[in-house]
Amino acid sequence: MTQNGLGEQNRHGGEGPSYRSSRVPGSGVFLLMDAAKSAARASGVEVVDLSIGASDLAPPPEALAALKDSIDDPTTHSYCLKSGTMPLLEAACKWYGERYGTQLDPNCEALSLIGAQEGLGHALMAVADAGDGILMTSVAYPSYFGAVRVAGLDPIYMPLGPDFLPRLDAIAPADLARSRVLLLNYPNNPTSAVASAAFFQAAIDLCRRHGILLIHDNPYVDLVFGEEPSPSPLCLPGGRDCVLELFSFAKSYHLGGFRLGFALGNRNAIASLEALKAPIDFNQYKGIMRMGVACLQLPQERVRSDAGVWAARAAAMVESLRRAGCGEVDMPKACMYVWLRLPAGVDDVAFCQRLPEGVLAAAAEKIAAAMRAAKAALA
């Protein structure tokens with residue numbers, strides 16, 4: 001085989017160059033699960049899909065009305081440059097200031113995103129060089145691992161405590177010295193763990209001491225079940241010096257298919273991300289950004305009421321799983337996930353892939369029974 005890949009088998013089974021960068025990740029868990037579900041359905045198995053964290057609640061009527069009005073507005077039909085994103089950025093900074101008491105500059109501390117996932121992938125490439133270290137957890141949203149690989153970064157996995165928060169005091173000095181980014185996500189996918197302001201302050205202090213950018217992926221900011229709002233590291237002392245925070249409209253406002261988000265934070269990180277995105281995209285459609293503006297202007301009570309729906313579902317599911325004999329199941333504090341411990345030695349991806357096949361019939365029936373009971377409890 002030659003250095004350019006000639007002679008290796010391509011993905012269609014033929015000979016020829018692979019045309020694939022070493023940075024390109026594998027198929028990913030979402031594609032694997034989609035294939036497993038499709039195969040199960042094709043064989044006649046009824047599949048109840050819990051494999052992706054997508055809201056099934058309706059988008060706010062105000063957001064849908066904004067989009068409908070925009071379709072007939074010819075000023076929304078052209079490419080959208082930075083000036084066209086300013087209404088969204090101004091609304092985002094106003095929303096953040098009212099919520100957290102910190103007023104940001106929409107011109108240089110905010111940036112529109114085509115979803116927070118897009119923003120994270122591009123941010124990693126914008127703020128670090130290939131070979132730099134990134135501090136993260138080994139239990140995380142699956143797309144993080146692919147984004148880290150595409151950016152060419154070296155993942156350094158921090159140990160987790162019993163609360164699913166990384167033990168910042170256990171990071172080796174050598175790892176701190178070679179890291180450019182600390183990636184956090186609280187409320188957390190998939191553990192539903194939450195972090196306190198004190199934890200975030202410790203992370204900020206650590207990052208400032210070592211010149212590390214703290215990227216906080218915060219799509220679940222509104223999906224907390226307690227009375228206390230979810231803290232934001234950006235508003236804490238020193239936050240604007242080293243924090244880039246990513247927000248999404250997919251979870252709080254049920255706009256997952258519309259692909260919209262925004263980044264707030266350190267102006268140097270924002271400038272780097274903006275510069276990297278410039279040759280790649282022309283921002284989201286203006287009508288969709290108007291949906292975002294309408295969402296950010298909604299009363300917080302409306303948004304919090306949706307969190308109550310997820311809390312009620314979680315409570316019903318947890319109780320039903322316990323009754324079905326699924327072991328120790330803790331009530332989550334946020335998000336839309338229930339975290340279960342698999343038996344020792346069981347691979348998590350393989351377990352999920354085999355559930356739709358009916359191979360793990362006993363486990364599948366327990367989960368199905370729990371789901372039926374939870375649905376009945378909510379009826």
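Thresholds applied
- Residues numbered from 1 in each chain as written.
- Predicted model: local features only at pLDDT ≥ 70, side-chain atom pairs only at ≥ 80, totals over all residues.
- Heavy atoms only, no water.
- Patch = residues over 30% accessible without salt bridge, like charges linked within 9 Å, V, L, I, M, F, W, Y side chains within 5 Å.
- Areas by Shrake-Rupley, 256 points an atom, 1.4 Å probe, with all protein chains shown as cover.
- Salt bridge = Lys/Arg side-chain N within 4 Å of Asp/Glu carboxyl O.
- Helix = DSSP H or I, 4+ residues; strand = E, 2+ residues; numbered from the N terminus.
- Buried < 20%, exposed > 50% of the residue type's maximum accessible area, 1.4 Å probe, protein only.
- Pairing = 2+ DSSP bridges.
- Right-handed = clockwise from strand over helix to strand, strands pointing away.
- pLDDT = per-residue confidence, 0-100.
- Contact = heavy atoms within 4.5 Å.
- Arc of directions from axis to C-beta.
- Axes fitted to C-alpha atoms, helices over the stretch in contact; angles between N-to-C directions.
- Parallel < 35°, antiparallel > 145°, perpendicular 65-115°, else oblique.
- Left-handed = near helix turned anticlockwise from the far one by under 90°.
- Core = buried A, V, L, I, M, F, W, Y, C linked by side-chain atoms within 4.5 Å.

**Student:** Give a description of a nonpolar patch on the surface that names residues and reports values.
**Tutor:** Residues Tyr79, Leu81 and Phe282 make up a contiguous nonpolar surface patch of about 370 Å² in total accessible area. By secondary structure assignment, the location of Tyr79 is in the loop between helix 2 (61-71) and helix 3 (82-100).

**Student:** Explain the pairing of strand 4 (residues 179-184) residue by residue, including any values.
**Tutor:** Most of strand 4 is tucked away: five of the six residues are buried. Relative to strand 4, strand 2 (residues 133-136) runs parallel, the two being bridged by three bridges. Each bridged residue has a counterpart across the sheet, and for Leu135 the counterpart in strand 4 is Leu182. The β-α-β motif built from strand 4, the intervening helix 7 (residues 197-210) and the parallel element strand 5 (residues 213-217) has right-handed crossover chirality.

**Student:** Describe the confidence of the model for the protein, and please don't skip the residues or the numbers.
**Tutor:** Should the pLDDT be low somewhere, the predicted coordinates at that spot are not to be read in detail. Scored by pLDDT, the protein has a mean of 89; 88% of the residues are at 70 or more. The low-confidence segment residues 1-9, where pLDDT is below 50, has 15 contacts with residues more than four positions distant or belonging to other chains.

**Student:** Could you give an account of the pattern of salt bridges, with specific residues and numbers?
**Tutor:** Considering all chains together, one arrives at 15 salt bridges under this definition. For Glu62, the salt bridge goes to Arg302, with nearest N and O atoms at 3.0 Å. Remark: Arg302 occurs in helix 11 (residues 300-323) and Glu62 occurs in helix 2; sequence separation between them is 240 residues. Judged by relative accessible area, Arg302 falls into the partly exposed class, the value being 35%. One salt bridge connects Asp222 with Arg99, and the closest N-O pair in it is separated by 2.5 Å.

**Student:** Give a description of helix 2 that names residues and reports values.
**Tutor:** Among the residues making up helix 2, those that are buried are Ala63, Ala66, Leu67 and Ser70. Mapping the buried residues of helix 2 onto a view down its axis gives an arc of 95 degrees, with all of them on the same face. Turned more than 90 degrees away from the buried face of helix 2 sit Pro61, Lys68 and Asp69, all of them exposed. In this structure, the buried side of helix 2 is in contact with helix 10 (286-296).

**Student:** Lay out the packing of helix 2 against helix 10 in plain terms, naming residues and giving numbers.
**Tutor:** Look at helix 2 against helix 10: their axes get within 8 Å of each other, and the N-to-C directions meet at 150 degrees. Classified by the interaxial angle, the pair formed by helix 2 and helix 10 is roughly antiparallel. When the axes of helix 2 and helix 10 are compared, the crossing they make is right-handed. Residues Glu62, Ala63, Leu64, Ala66, Leu67 and Ser70 of helix 2 form the contact with helix 10, whose own contacting residues are Gly287, Ile288, Arg290, Met291, Ala294 and Cys295.

**Student:** Explain helix 5 (residues 143-151) to me, using residue names and the numbers behind them.
**Tutor:** Where helix 5 is concerned, the buried positions are Ser143, Tyr144, Gly146, Ala147, Val148 and Ala151. Residue Gly152 follows helix 5 closely and has a positive phi angle near 75 degrees.

**Student:** An account of the nonpolar core is requested, with residue identities and associated values reported.
**Tutor:** Residues Leu182, Leu184, Phe249, Tyr253, Leu264 and Leu296 are the most contacted members of the largest nonpolar core, which totals 54 residues. When residues of this core are traced back to their parent elements, those giving at least two are helix 2, helix 3, strand 4, helix 7, strand 6 (243-248), strand 7 (261-265) and helix 10. When neighbours within four sequence positions are excluded, Leu296 is seen to be in contact with Leu88, Ala91, Ala92, Trp95, Phe249, Tyr253 and Phe262. Core analysis: the next-biggest nonpolar cluster, separate from the first, contains 27 residues, Ala116, Leu120, Ala123 and Ala263 among them.

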